[in-house]
Amino acid sequence: RFLKWTWRAMYLSAIGGTIYVGYGIYQGRTPNQQFDPDPSKKTLVVLGTGWGSVSLLKKLDTENYNVIVVSPRNYFLFTPLLPSCTTGTIEHRSIMEPIRSFLRHKKAAVKYYEAECTKIDYEKKMIYINDESEIKGSTSATEVPFDMLVVGVGAENATFGIPGVREHGCFLKEVPDAQRIRKRIMDCVETATFKDQSPEEVKRLLHMVVVGGGPTGVEFAGELQDFFENDLRKWIPEISKNFHVTLVEALPNVLPMFSKNLIEYTEQTFKEETIDIRTKTMVKRVEETYIEAEYTDASGKKVLEKIPYGLLVWATGNALKPVVKDLMSQIPAQKDSRRGLAVNEYLVVKGTENIWAVGDCAIANYAPTAQVAAQEGAFLARLFNQMAKTNEIETELAELSNVQEKASSKPVRDEAFGKIKDLQKRLRRVKNIGPFEYSHQGSLAYIGSEKAVADISWLTGNLATGGQLTYFFWRSAYLSMCFSTRNRILVIMDWAKTQVFGRDVSRE
Ligand code: FAD
Ligand code: NAI
């Protein structure tokens, strides 16, 4: 009897799941009729199509504003799975969601300009935009006025002015970065197997150096080692002896934001995977074929060491974008802020009334993560929806007060009075939106060989766990967080493809 009920439950969940997925696909492909944007409404300009801005746009009632989105990237990128694209575990298009199809599903149409905002003029309430794409029309630079502005432009890769990083290193922030890394890995491998290559050169070409032991560096190093163990070693056995991954970190340990036992677990796992971790080692200079790194030897003396590399991936965190730096220089209240736009508890850029900032470009005392950016964006959407409702109620109240004043008969005055009371109550409720509060759900990172680490907020405490079970949790958590049903299906298909056929070792 138990078995019968279990089968029934499984059967029903399979049907339910199919209907859910089917509906997701149908909805994704069939947008409804949209209202045109109303130019008489306030112009809300949103910069960027990343975690912060898209989360805002997802929840924003666009019919309340004249919404304009400006970003050089016409898609949203699910960054947590980007390290998997560097080795082909996942194809990059599986984690991209076109901004056009997303915006087409909003109730009122939203204008989108594929452009980079080069300057924000706070006084003039104007942004200046440039079409940076390869194909240019008769206009490629123009300006857009705004009543309200949300800055969600993210951050740049930090190099700390270390010479040679931009020329010789690969970053890992955007899709072209992942594509470049994937190509370079294979280029190094093929060049290393070129006829008559000297043994030192083979060693250098097959030395993959990752600088920065934050989650980006750790996840990439894990993915790269997987690629070698599961695929490269099989198809190109002659590289087996020399292929080597080294992670260089200036601090005494990797993943500083994780619990101590997870740091130890990660370092131990890397040791087993034969990834070299060089902690307390600071890279000072980058040349085409080697890096210069400083470490302190056993006697306490500082030593400068040359480390040859074939591929160098630079993942040392975030720096300010020029457009953000420029905006900060226009606002006296921002003069002491160094790492980004200082915002108040409602995410208003300090020193302004009509500019908000979300995500990596804003400094609100939280780590620059997707989780924070998404929550900030969702908060702003709620705030803007409430602001629009407030305006609507206030206009209605003004009209009713007029009616009440001018009414000659008592019943009409009483009716208006009753409505005013109700509206005032609603207004108090609507206006009562608290400040932004971040709710930390936990941190997750993939560390290679089908293992992950997780620091999860659990009831009142914290659960720190690592291993293969955590890896399945990591997979299901990121799958559920993917932007759309389409993304979810594509990622599952990529994982299955990798499992069945292995990763593709073609160079392009
Ligand atoms: P972004 O998502 O970077 O978006 C910025 C947007 O602004 C982009 O659309 C860009 O094109 C646009 N833009 C840039 N310049 C301009 C301009 N001048 N004018 C107009 N638009 C502009 N966080 C987690 O919480 N969990 C993870 O697992 C995780 N994994 C990560 C893995 C990698 C490889 C990386 C690089 C980051 C990861 N992060 C993760 C961090 C997370 O991606 C960032 O914190 C998050 O993307 C920040 O969101 P954002 O909206 O501020 O910026
Ligand atoms: P990070 O700022 O977290 O780490 C960079 C590391 O590089 C630091 O540990 C720093 O000590 C080291 N470093 C800096 N200069 C160096 C040098 N010259 N030589 C050697 N080491 C040097 O940067 P990361 O990993 O790029 O992450 C950026 C943000 O994105 C973080 O907030 C992170 O939490 C988030 N993120 C989260 C992920 C996750 O939750 N799984 C994955 C990737 C990023």
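Refer to the structure presented above.
Residues numbered from 1 in each chain as written. Chains lettered and ligands numbered in written order. Predicted model: local features only at pLDDT ≥ 70, side-chain atom pairs only at ≥ 80, totals over all residues. Heavy atoms only, no water.

*Asks:* Where do I start with the sheet that holds strand E14 (residues 281-286) in this structure?
*Replies:* Two strands in a sheet stick together by hydrogen bonds in their backbones, pointing the same way (parallel) or opposite ways (antiparallel). One open sheet accounts for three strands, arranged E14-E15-E16; its pairing is antiparallel. The open sheet is flanked by E14 and strand E16 (302-308), the only strands paired with a single partner. Taken pair by pair, the neighbouring strands of this sheet meet at an average axis angle of 30 degrees, ignoring direction. When E14 meets strand E15 (residues 290-296), the two strands line up antiparallel, connected through five bridges. Each bridged residue has a counterpart across the sheet, and for Met-282 the counterpart in E15 is Glu-294. (Pairing = 2+ DSSP bridges. Helix = DSSP H or I, 4+ residues; strand = E, 2+ residues; numbered from the N terminus. Axes fitted to C-alpha atoms, helices over the stretch in contact; angles between N-to-C directions.)

*Asks:* Which parts of the structure should I look at to understand the pattern of salt bridges?
*Replies:* When the charged atoms of two side chains lie near each other, side chains of opposite charge can form a pair. One pass over the full model with this rule turns up 22 salt bridges. Of the charged contacts in the structure, one is a salt bridge between Lys-107 and Glu-63, with a shortest N-O distance of 3.8 Å. Residue Lys-107 is found in the loop between helix H4 (99-104) and strand E5 (111-114), and its partner Glu-63 is found in the loop between helix H2 (51-59) and strand E2 (66-71); the two are separated by 44 residues along the sequence. Looking at Lys-107, the relative accessible area reads 51%, which means it is exposed. Residue Glu-508 pairs with Lys-183 through a salt bridge whose shortest N-O separation is 3.5 Å. Of this pair, Glu-508 sits in the segment after helix H14 (485-501) while Lys-183 is found in helix H6 (residues 175-192), placing the two residues 325 residues apart along the sequence. (Salt bridge = Lys/Arg side-chain N within 4 Å of Asp/Glu carboxyl O. Buried < 20%, exposed > 50% of the residue type's maximum accessible area, 1.4 Å probe, protein only.)

*Asks:* Before we go on, may I ask you to explain the site of ligand 2 in this structure?
*Replies:* Taken together, 24 residues surround ligand 2, and among them Thr-216, Glu-249, Ala-250, Val-283 and Leu-444 come closest. The contact in question runs from an oxygen atom of ligand 2 to an N or O atom on the backbone of Pro-215, over 3.3 Å. Protein chains bury 80% of the 840 Å² of accessible surface belonging to ligand 2 in isolation. Residues of the shell around ligand 2, tallied by class, amount to 14 nonpolar, eight polar and two charged. (Near = heavy atom within 4 Å. Polar contact = N/O pair within 3.5 Å; in protein donor to acceptor, adjacent residues only side chain to side chain. Areas by Shrake-Rupley, 256 points an atom, 1.4 Å probe, with all protein chains shown as cover. Nonpolar A, V, L, I, M, F, W, Y, C, P; charged D, E, K, R; others polar.)

*Asks:* Is there a simple way to think about the packing of helix H13 (residues 468-481) against H14 in this case?
*Replies:* Geometry of a packed helix pair, given as the angle between the helix axes and the separation of the axes. Between H13 and H14, the least distance of the axes is 9 Å, while the angle of their chain directions is 150 degrees. The pairing of H13 with H14 is recorded here as roughly antiparallel in orientation. Here H13 runs over H14; the crossing is right-handed. Of the residues in H14, those touching H13 at Trp-474, Arg-475, Leu-479 and Ser-480 are Arg-488, Val-491, Ile-492 and Trp-495. Here the residues of the contact of H13 with H14 are counted per class, giving five nonpolar, one polar and two charged. (Parallel < 35°, antiparallel > 145°, perpendicular 65-115°, else oblique. Left-handed = near helix turned anticlockwise from the far one by under 90°. Contact = heavy atoms within 4.5 Å.)

*Asks:* Help me understand H13, please; the structure alone is not making it clear to me.
*Replies:* In this model, H13 (14 residues) spans 20 Å end to end at C-alpha, consistent with the 20 Å of a helix rising 1.5 Å per residue. For H13, the set of buried residues is Thr-470, Tyr-471, Trp-474, Arg-475, Ala-477, Tyr-478 and Leu-479. Packed against the buried residues of H13 are helix H8 (215-235), strand E22 (442-448), strand E23 (451-458), strand E24 (461-467) and H14. (Expected span 1.5 Å × (residues − 1).)

*Asks:* What should I look at first to understand the nonpolar core in this one?
*Replies:* Here is a general trend for soluble globular proteins: nonpolar side chains tend to be buried in one another's company. In this structure, Ile-120, Ile-127 and Phe-384 are the most contacted members of the largest nonpolar core, which totals 124 residues. Per element, the largest residue contribution to this core is nine residues, and it comes from helix H11 (residues 370-406). Residues within four places of Ile-127 in sequence aside, it is in contact with Val-45, Leu-47, Val-70, Cys-117, Lys-119, Ile-120, Thr-142, Glu-143, Val-144, Phe-146 and Leu-149. Formed by 14 residues, the second largest nonpolar core is a distinct cluster that contains Val-165, Val-286, Tyr-309 and Leu-312. (Core = buried A, V, L, I, M, F, W, Y, C linked by side-chain atoms within 4.5 Å.)

*Asks:* Even after reading the chapter, I still don't get the site of ligand 1, so can you show me in this structure?
*Replies:* By nearness alone, 30 residues border ligand 1, and Gly-52, Thr-79, Cys-117, Asp-360 and Tyr-478 come closest of all. The separation between an oxygen atom of ligand 1 and a polar main-chain atom of Val-153 is 3.4 Å. With the chains in place, 90% of the 1000 Å² that ligand 1 exposes on its own is no longer accessible. Put simply, the parts of the chain that give the shell around ligand 1 at least two residues each are H2, E2, strand E6 (116-121) and H11. Top contributing element to the shell around ligand 1 by residue count: H11, with three residues. Counted by class, the shell around ligand 1 contains 13 nonpolar, twelve polar and five charged residues.

*Asks:* In this structure, what is going on with helix H9 (residues 260-272)? I would like to understand it.
*Replies:* Each α-helix winds once per 3.6 residues, and so residues spaced three or four apart point in a common direction. Counted at 1.5 Å a residue, the expected span for H9 with its 13 residues is 18 Å, and the 19 Å between its end C-alpha atoms agrees. Restricting attention to buried positions, one finds in H9 the residues Leu-262, Ile-263, Thr-266, Thr-269 and Phe-270. Projection of H9 onto a plane perpendicular to its axis shows the buried side chains occupying an angular sector of 130 degrees, all on one side. Exposed and facing more than 90 degrees away from the buried side of H9 are Lys-260, Lys-271 and Glu-272. Those residues of H9 that are buried are in contact with H8, strand E12 (244-248), strand E13 (276-278), E22, E23 and E24. Once H9 finishes, Thr-274 follows within two positions and takes phi at roughly 65 degrees, a positive value. (Arc of directions from axis to C-beta.)

*Asks:* Explanation requested: the layout of surface pockets in the structure shown.
*Replies:* With a probe scaled to a water molecule rolled over the atoms, the places where space remains empty come into view. There is about 690 Å³ of room inside the second largest pocket. Lining the second largest pocket are 22 residues; nearest its centre among them are Gly-24, Gln-27, Gly-28, Ser-484 and Thr-485. When contributions to the lining of the second largest pocket are tallied by element, the ones reaching two or more residues are helix H1 (2-29), strand E4 (96-98), H4 and H14. For the lining of the second largest pocket, the element with the most residues is H1, which contributes seven residues. (1 Å grid on protein atoms, 1.4 Å probe; cavity = no way out; pocket = protein on both sides within 12 Å on 5 of 7 lines; lining within 4 Å. Points joined across faces, edges and corners; volume = space filled by probe spheres on them.)

*Asks:* Hey, could you run me through the packing of aromatic side chains in this one?
*Replies:* Given two aromatic rings, their pairing is described by the distance between the two centres and the angle made by the two planes. This model, assessed by the stated rule, comprises 17 aromatic pairs. Relative to Trp-474, the ring of Tyr-471 lies with its centre 6.0 Å away and its plane at 15 degrees, an arrangement referred to as stacked. Of the two residues, Tyr-471 and Trp-474 are both situated in helix H13; the distance of three residues between them amounts to about one turn of the helix. The burial state of Tyr-471 is the same as that of Trp-474; both residues are buried. Here the basic side chain of Arg-8 rests over the ring of Trp-5, its NZ or CZ set 4.9 Å away from the ring centre. A cation sits over an aromatic face here: Arg-475 above Trp-495, 4.1 Å from the ring centre. (Phe/Tyr/Trp six-rings, centres within 6.5 Å; stacked < 30°, edge-to-face > 60°. Lys NZ or Arg CZ within 6 Å of the ring centre and 35° of its normal.)

*Asks:* I tried to follow the pairing of E2 on my own but got confused; where do I start?
*Replies:* Regular strands place their side chains on alternate faces of the sheet. Of all six residues making up E2, six are buried, and the element is well covered by its neighbours. Along E2, one buried face is formed by Asn-66, Ile-68 and Val-70 and the opposite face, lined by Val-67, Val-69 and Ser-71, is buried too. Handedness of the strand E1 (residues 43-47)-H2-E2 crossover: right-handed. With four bridges joining them, E2 and E5 adopt parallel strand pairing. Across the sheet, residue Ser-71 finds its bridge partner in E5, namely Glu-114. (Right-handed = clockwise from strand over helix to strand, strands pointing away.)

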